[in-house]
Every structure is written in structure tokens, then in C-alpha cells.
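Letter by letter, the chains look like this.
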Amino acid sequence: MSVPTITLNDQTTIPQFGVGVWQVPADVTERVVSEALEVGYRHIDTAQMYGNEAGVGAAIKASGLARDELYVTTKLNNNNHEPARAKASLAESLDRLGLDKVDLFLIHWPLPTQYDGDYTATWQALVELQEEGLATSIGVSNFQPEHLDTIVSRTGVVPAVNQIEVHPYFGNEAARAATLTHGAFVESWSPLGQGGGELEDPALVKIAADHGKTPAQVALRWQLERGDIVFPKSVRRERLEENFAVFDFTLTPEEVDAISALDKGETGRTGPNPDTFDYIPG
Ligand SMILES: NC(=O)C1=CN([C@@H]2O[C@H](COP(=O)(O)OP(=O)(O)OC[C@H]3O[C@@H](n4cnc5c(N)ncnc54)[C@H](OP(=O)(O)O)[C@@H]3O)[C@@H](O)[C@H]2O)C=CC1
Ligand SMILES: O=C(O)C(=O)[C@@H](O)[C@H](O)C(=O)CO
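What comes next concerns the included structure. (Residues numbered from 1 in each chain as written. Chains lettered and ligands numbered in written order. Predicted model: local features only at pLDDT ≥ 70, side-chain atom pairs only at ≥ 80, totals over all residues. Heavy atoms only, no water.)

With respect to the overall build of the protein chain
Rule in force here: What counts as a helix is a DSSP run of H or I of at least four residues, what counts as a strand is a run of E of at least two, and both are numbered from the N terminus. As a reference, a globule follows 2.2 Å times the number of residues to the power 0.38, and the radius of gyration itself is taken over C-alpha atoms. Using a 1.4 Å probe on the protein chains alone, a residue whose accessible area is under 20% of its type maximum counts as buried, one over 50% counts as exposed, and one in between counts as partly exposed. Contact between two residues is taken to exist if any of their heavy atoms lie within 4.5 Å; hydrogens are not considered. Areas reported here follow the Shrake-Rupley algorithm with a probe of radius 1.4 Å; residue values treat only the protein chains shown as occluding. All tallies of charge rest on Lys and Arg as positive and Asp and Glu as negative; His and the ends of each chain are not included. Each charge is placed at NZ for Lys, CZ for Arg, CG for Asp and CD for Glu.
The helix and strand inventory of the protein chain stands at ten helices and ten strands. For a compact globule of 282 residues, the expected C-alpha radius of gyration is about 19 Å, and the protein chain comes in at 18 Å, within 12% of that figure. Taken along its principal axes, the extent of the C-alpha atoms in the protein chain is 55 × 40 × 35 Å. With 282 residues in all, the protein chain has 55% of them scored as buried. For the protein chain, the share of sequence-separated contacts (at least 6 apart) that also reach a separation of at least 24 residues comes to 75%. Summing over all exposed atoms, the protein chain offers an accessible surface of approximately 11300 Å²; the carbon and sulfur share of this is 50%. The distance from the centre of the 21 positive side-chain charges to the centre of the 41 negative ones in the protein chain is 4 Å.

Topic: the pairing of strand β9 (residues 185–189)
Going by this rule: When DSSP locates at least two bridges between a pair of strands, those strands are taken to pair.
For β9, a buried count of four out of five residues is recorded, marking the element as mostly surrounded by other parts of the structure. Looking at chain direction, strand β8 (residues 161–165) and β9 are connected through five bridges and run parallel. Note that in β9 the partner of I164 across the bridge is S188. Sheet analysis places β9 next to strand β10 (residues 229–230), joined by two bridges and oriented parallel. Bridge pairing links S188 to V230 in β10.

Topic: the packing of aromatic side chains
What counts here: Any two rings among Phe, Tyr and Trp, with Trp reduced to its six-membered ring, count as a pair given centres within 6.5 Å; such a pair is stacked if its planes are under 30 degrees apart, edge-to-face if over 60, and tilted if neither. Charge-over-ring placement is defined geometrically: NZ (Lys) or CZ (Arg) within 6 Å of the ring centre, and within 35 degrees of the ring normal.
In total, this model carries nine aromatic pairs according to the counting rule given. Ring geometry for Y119 and F143: centres 5.5 Å apart, planes at 70°, overall edge-to-face. With Y119 in helix α4 (residues 119–131) and F143 in the loop between β7 (135–141) and α5 (145–155), this residue pair connects regions lying 24 residues apart in the sequence. For the pair shown, Y119 and F143 are each scored as buried. Among the aromatic side chains, those forming a connected cluster through ring pairs are F17, Y41, F244 and F247. Over the aromatic face of Y169 sits the side chain of K264, whose NZ or CZ is 4.4 Å from the ring centroid.

Structural notes on the environment of T120
If you trace the backbone, T120 turns up in helix α4. Its relative accessible area of 10% is what places T120 among the buried residues. Separated by 31 residues in sequence, T120 and I151 place their C-alpha atoms 5.4 Å apart. Excluding residues that lie within four positions of it along the chain, T120 makes contacts with T150, I151, R154 and T155.

What about the packing of α4 against α5?
Under the convention used in this document: Every angle, taken between N-to-C directions, lies between 0 and 180 degrees, and every axis is a line fitted to C-alpha atoms, over only the stretch in contact when it is a helix. Convention used here: angles under 35 degrees read as roughly parallel, angles over 145 as roughly antiparallel, angles from 65 to 115 as roughly perpendicular, and any remaining angle as oblique. Handedness of a crossing follows from how the near helix is turned relative to the far one, being left-handed for an anticlockwise turn of less than a right angle and right-handed for a clockwise one.
Where α4 contacts α5, the two axes come as close as 10 Å, and the packing angle between them is 60°. Overall, the two elements α4 and α5 adopt an arrangement that is oblique. Judged by the twist between their axes, the crossing of α4 over α5 is right-handed. Contact with α4, carried on its side by Y119, T120, W123 and Q124, involves E146, H147, T150, I151, R154 and T155 of α5 and no other residues of that element.

Some points on the site of ligand 2
Here is the rule: Near is defined per residue: the residue qualifies when any heavy atom it owns lies within 4 Å of the molecule or strand. Each polar contact in these results corresponds to two N or O atoms within 3.5 Å; when the atoms are within protein, one needs to be able to donate a hydrogen and the other to accept it, and residues that are neighboring in sequence are counted only if both atoms are side-chain atoms. Amino acid classes used here: Ala, Val, Leu, Ile, Met, Phe, Trp, Tyr, Cys and Pro are nonpolar; Asp, Glu, Lys and Arg are charged; the rest, including Gly, are polar.
For ligand 2, the full set of nearby residues is W22, M49, Y50, H108, W109, P272 and F277. In this structure, W22 approaches ligand 2 through a side-chain N or O atom, which is 2.9 Å from an oxygen atom. In this structure, an oxygen atom belonging to ligand 2 sits 2.5 Å away from a side-chain N or O atom of Y50. Burial of ligand 2 by the protein chains amounts to 74% of its free accessible area of 330 Å². Its residues assigned to classes, the shell around ligand 2 comprises six nonpolar, one polar and no charged.

In C-alpha cells:
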């Protein structure tokens, strides 16, 4: 089983599949990421907000893997948007991760900021961080179509990715379409719908039974076949293994369409709506 790579709009490559570590407690992160690396994962999605970058760094160090075998993403916290702070915060992240550069640095949320600026100034700071070699690729997260239009029209720089909520009950199709239209890739967050009831949806259960797979594996496979980048989270080794075992089967176009049709629109969201989310850490 091998994980496909995708070539981004900056001509760098990213493994299409990885592991996410939101809500992985700091004191178990090294164990979880170490187990993921043992299973075969090479792409790790963390964030300043998650408070577990140091655990990710410890697992990377303990793995003995060469740096170019790994793909590490972190994200700018909502209280770090001011450009000088954004730059200082990436230096702090690199220190916690034990790395000289991240592979991908994202603006986590398109928030109004605590300083007299906006997320376009923040985006320009990320452009400079990429030019300085501290982030190989740069992108955004939770950007709605109008947020994407704003940064692209004002800076001329298209993000490599837009990381947005996507799972069978929430296709997020407008944001997804805008991302692809700009020439960026979609990274699907909460690809399992946070492990909720949709994994018991009869359509998913039937398709899974037809393939001898689990509903979670089918949900992940659906996203891979739609071309998105995916990183489910689990703190359990058996689920890390289950989620990784999605490269030995394919869905038919009809099955992909049937899963896409499960979209419940806004009622399918599990996380905050970027139009109203305004959390700034204290
Ligand atoms: N940019 C953003 O704003 C956001 C980014 N993300 C990123 O996306 C990643 C994934 O999203 P996340 O919200 O964690 O949720 P996921 O959709 O990956 O679901 C994780 C939940 O599902 C459970 N689970 C994992 N595997 C299985 C399985 N095979 N069968 C049944 N249940 C399972 C987990 O429990 P257990 O751990 O007990 O196995 C956990 O409760 C995050 O970790 C983070 O990296 C997420 C949210 C927002
Ligand atoms: O996981 C993330 O990346 C998030 O941004 C979420 O934690 C988000 O902040 C949230 O769901 C808050 O309830």
C-alpha cells in the first residue's frame, strides 16, 4: 500500500494522506505520532492551537526518519495574525517541532484580528516566510470563497491549499469549488465527521459491506477519489491501521456520487462556521 502524492501549485509534492492531531492530548502525542509513523503515515497535521507541536517533534526525532521522508503542517493561531507576531510564532513552532522549516504553514482561520490589520496582511507575512525558506508551502484554512478572492486579488499569490471541513454529511461544496477554481487543493478536515453518526449511514454501511471495508474506510476513500488531501485523527493504534488501509480498493463512480449525495448542507457541519467563528486564545 503506498500513499499517492499530489503536486501543489508551487510544484512541491504532498502525501495525499496523513494523520491529524487535533484533540490529541500533549502527553500522548509522541506515542500517537510514533505509532502512526510505524504504521506508515508520513504526513502530520498539527497547529499552534493544538498545544502538541512538541509531542509531534519528539516523535519525529525518535523515529530516525530522514527529514525529506516526512511532511509536517502547522497552522498560525488566531492570536498571532499581526505580521511580526506571525513570523515570531512560526519560529516558536519550529523550535517546538525541532525543525528548520515546515512543509506547509497555514492561516488557521480568516479572523478579524486583534491588531489594526486584516488577514491579507497576515497572508503577505506567510508569503515572506515562504521566501525566507521557513515554510516550503503556504496555504489557508477555513477560507470562504470571498476570503480566497480577497487575498488572491490583493497579493496575486494563490494558496497551495485551503483546509476546510469536508465529510459525507458536509460536502462544503461552495468553498470546495472556489478552492479548486483558484488552483489550490482542498484538504478535508474532520474527514470522518469526527467519528459521529454518519459512519452508521445505511448507504455508507452498504458500500462498506460490498467492499469488505468499514464505513470509515469508505468515507476516506471517497475523499481520496475526489482528489482531496485527508488526515483522519485517532489515538488508537488499531484505528490508525484501519484508516491507513484505504489504498487496496476503489469505489465506482456511482458509489462516489452516492456518497456525495449524502451532503446535508449547513446542518451537516460538525465544527464552527468560518463566517461567525471568532475565537481568539487569551
Ligand atoms: N483547520 C481546522 O480548522 C481543523 C483541522 N482539523 C484537522 O483534521 C484532523 C481530523 O479531523 P478531526 O476533527 O480530528 O476528526 P476526524 O473526522 O478525523 O474523526 C476523529 C474522531 O473519529 C474517531 N475515529 C478515528 N478513526 C475512526 C474509525 N476508523 N472508526 C470510527 N471512529 C474513528 C476518533 O476517535 P479515537 O481517537 O478515539 O479513535 C475521533 O473521535 C484533525 O486532527 C486536524 O488535524 C480538524 C478540525 C478543524
Ligand atoms: O481543530 C482545529 O483545527 C480547529 O480549529 C478547531 O479546534 C476549532 O477551533 C473548533 O472546533 C473549536 O470548537
